[in-house]
Structures are given as structure tokens and as C-alpha cells.
Amino acid sequence: MLPIYLASSSPRRSMLLEKLGLPFTVVVPRVEEGVQEALPPHQLVETLALRKARAVAPSISKGLVVAADTVVVWHDKVLGKPADTREASEMLSLLSGNEHEVYTGVAVIEKPSGRRVVTHERTRVKFRPLTAEEIARYVATGEPLDKAGAYAAQGLGAIFIAGIRGCYFNVVGLPLARLAQVLKEFGVDPLEYVQNN
Ligand SMILES: Cc1cn([C@H]2C[C@H](O)[C@@H](COP(=O)(O)OP(=O)(O)OP(=O)(O)O)O2)c(=O)[nH]c1=O
């Protein structure tokens, strides 16, 4: 099986990829994540995911480089990671009582061939109405600050979620079912690996 390299600094993405049971190595990509507002969200996350995979690919001689990027979208407004606590509060006020979309782009580059697959997954998340006090208390925990849309579905942010339509793992940062389909295109099958190892 081709060795897998996860081009990500996100501990969440590592934990999610571990669920597939495949061995992998983390390589932190050095990229600028400037949000290009002009692109539609699915193109934006695919572009950013590919940029991360490309940043790592030159240092790999043989294997698959996997990268991802996640944004929250509310009414055509792309919400990345909040710059500070004020922006985190603003984002949560927008999401309060509404349904939003979470897009994660996934890029896989095969080395040495350079063959690549880039795709994305979209999940709809409905928030219950939040009070100003709840938002203030949640922001004070620090949890929202390094998360797209200023919440963590896998953390305390779970108490805001009234419902999810689509892949939950996509919300946390890596759409596992979609990724497994892409890995299969490169001859990597988690079920086959588990059976043989
Ligand atoms: C919506 C949501 C996002 N997030 C996280 C996933 C991503 O880590 C982060 C979005 O930022 P990203 O820029 O996608 O990723 P990152 O900078 O954390 O890591 P890297 O680029 O090195 O791979 O938001 C959650 O953990 N839970 C959630 O519910």
C-alpha cells in the first residue's frame, strides 16, 4: 500500500484520519490561508486543500498526500476562523437560530505520478437560538478561536446544534466517507487493510 501523508497541523484531522485504521505520517504544510471571497465556497475549499497538499508534495518521493480545508457558510458569507473574540461572537450571532452549511475540500496527490483528485463535501447544520450570555460564555472558553465558524461540533459547541443533515465528520474537518472513496481510487481500501493487518 502507498504510504499516506496528512498535510495538516490540525489535531482534529489526525484524530479523524486515525478512524480509518490506516498508518499515516503528519507533515505540516506552510501555506497562506487568505480567504478568497470571490470564489464560491466549494471552489474555495478545494483550492485551499490543494494548496496545502501541493505545499507538502515536493518533500514526498512516494505515497499519497492528503489535505483538507473547512469553512462555514451562512447566506453566501464565508466564515473562516475568527480573528479574535469579538469576531467569534459576531459569527455565533449570525449562526444563532439558523441553518448554515459547512464545506470541506479534500485534495489527494499521488507521488511520484503527480496524479491528483480534488473534491468537497457539504453538510447542513442547524443551530438553536442562542442568548447573548450563552455566546459570551462559550467564547470565553476559547474553544471557538481556532475553528471555522467559531464553534466545535465535537466539543462544547455540540450544545448549540439542533440538527445535522449530511456527514458529521465533514463538520469536524475531514469527510471520512468521501475521503475513503477517493483513497480507493488510488488503491487504498481501509477495510482491506484492516483485514490483512
Ligand atoms: C465547524 C467546525 C470546524 N472545526 C475546525 C476544523 C479545522 O481544523 C478548522 C478550520 O480550519 P482549516 O483552515 O480548515 O484547518 P486548520 O488550519 O485547523 O488545519 P490545517 O490547515 O493545518 O489542516 O475548524 C472543528 O474542529 N469543528 C467544527 O465543528
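Residues numbered from 1 in each chain as written. Predicted model: local features only at pLDDT ≥ 70, side-chain atom pairs only at ≥ 80, totals over all residues. Heavy atoms only, no water.

## Describing the site of the ligand
Argument step 1. Lining the immediate environment of the ligand, one finds 19 residues, of which S8, S9, R13, K52 and K81 sit closest.
Argument step 2. A distance of 2.5 Å separates an oxygen atom of the ligand from a polar atom in the side chain of K52.
Argument step 3. Within the backbone of T70, one N or O atom sits 2.8 Å away from an oxygen atom of the ligand.
Argument step 4. Elements with a contribution of two residues or more to the shell around the ligand: α1 (11-18), β3 (63-74) and α5 (168-172).
Argument step 5. Looking at side-chain class alone, the shell around the ligand contains six nonpolar, five polar and eight charged residues. (Near = heavy atom within 4 Å. Polar contact = N/O pair within 3.5 Å; in protein donor to acceptor, adjacent residues only side chain to side chain. Helix = DSSP H or I, 4+ residues; strand = E, 2+ residues; numbered from the N terminus. Nonpolar A, V, L, I, M, F, W, Y, C, P; charged D, E, K, R; others polar.)

## Notes on unusual backbone geometry
Argument step 1. Residue P112 is bonded to the preceding K111 through a cis peptide linkage, with omega at 5°.
Argument step 2. Topologically, P112 is positioned in the loop between β5 (99-111) and β6 (116-127).
Argument step 3. A positive phi angle, near 50°, is found at H75, a position not held by glycine.
Argument step 4. Along the polypeptide, H75 turns up in the loop between β3 and β4 (77-79).
Argument step 5. Residue H75 is classed as exposed on the basis of its relative accessible area, which comes to 63%.
Argument step 6. At A150, a residue that is not glycine, the phi angle is positive and equals roughly 70°. (Buried < 20%, exposed > 50% of the residue type's maximum accessible area, 1.4 Å probe, protein only.)

## A few points about the UniProt feature "site: Important for substrate specificity" (unreviewed entry) in the protein chain
Argument step 1. As recorded in UniProt, the sites labelled "site: Important for substrate specificity" (unreviewed entry) are R12, T70 and Q154. On the basis of their most widely separated C-alpha atoms, the annotated residues across 143 residues gather in one place, lying no more than 14.4 Å apart.
Argument step 2. The class for T70 is buried, based on a relative accessible area of 15%.
Argument step 3. Leaving out residues up to four positions away in the same chain, T70 has contacts with R13, V45, V102, Y103, T104, A148, N170, V171 and G173.
Argument step 4. Looking at T70, its side chain comes within polar contact range of the side chain of R13, at 2.9 Å.
Argument step 5. Position of Q154 relative to the elements: it lies in the loop between α4 (132-140) and β7 (161-165). (UniProt positions renumbered as here; feature names shortened; annotations may be inferred. Contact = heavy atoms within 4.5 Å.)

## Focus: the side chain of E46
Argument step 1. For E46, the location among the structural elements is in helix α2 (residues 41-56).
Argument step 2. Buried charge without a partner: E46 forms no salt bridge, and the closest opposite charge is R178, 7.8 Å away. (Lys, Arg positive; Asp, Glu negative; His and termini not counted. Salt bridge = Lys/Arg side-chain N within 4 Å of Asp/Glu carboxyl O.)

## Some thoughts on the packing of aromatic side chains
Argument step 1. Here the structure, examined in full by the defined rule, presents four aromatic pairs.
Argument step 2. Ring geometry for F127 and F160: centres 5.9 Å apart, planes at 50°, overall tilted. Highlighted residues: F127 in strand β6 and F160 in the loop between α4 and β7, separated in sequence by 33 residues.
Argument step 3. According to the relative accessible area criterion, F127 is buried, its value standing at 0%. (Phe/Tyr/Trp six-rings, centres within 6.5 Å; stacked < 30°, edge-to-face > 60°.)

## Describing α1
Argument step 1. For α1, every residue scored as buried is listed here: R12, R13, S14, L16 and L17.
Argument step 2. Each element contacted by the buried residues of α1 is listed here: β1 (4-7), β2 (24-27), α2, β3, α5 and α6 (176-185).

## A closer look at the UniProt feature "active site" (unreviewed entry) in the protein chain
Argument step 1. Within this numbering scheme, the UniProt entry marks D69 as carrying the feature "active site" (unreviewed entry).
Argument step 2. Tracing the chain through its elements places D69 in strand β3.
Argument step 3. Note on D69: relative accessible area 3%, which makes it buried.
Argument step 4. Polar contacts involving the side chain of D69 include one to the side chain of K52, which spans 2.8 Å.

## Overview of the pairing of β5
Consecutive residues of a regular strand have side chains that alternate between opposite faces of the sheet.
Argument step 1. Where burial is concerned, most of β5 is hidden: twelve out of the 13 residues are buried.
Argument step 2. Alignment of β3 against β5, held across eleven bridges, turns out to be antiparallel. Directly across from T70, in β5, lies its bridge partner T104.
Argument step 3. Two strands pair when backbone bridges link them, and β5 and β6 are joined in this way by eleven bridges, in the antiparallel orientation. (Pairing = 2+ DSSP bridges.)

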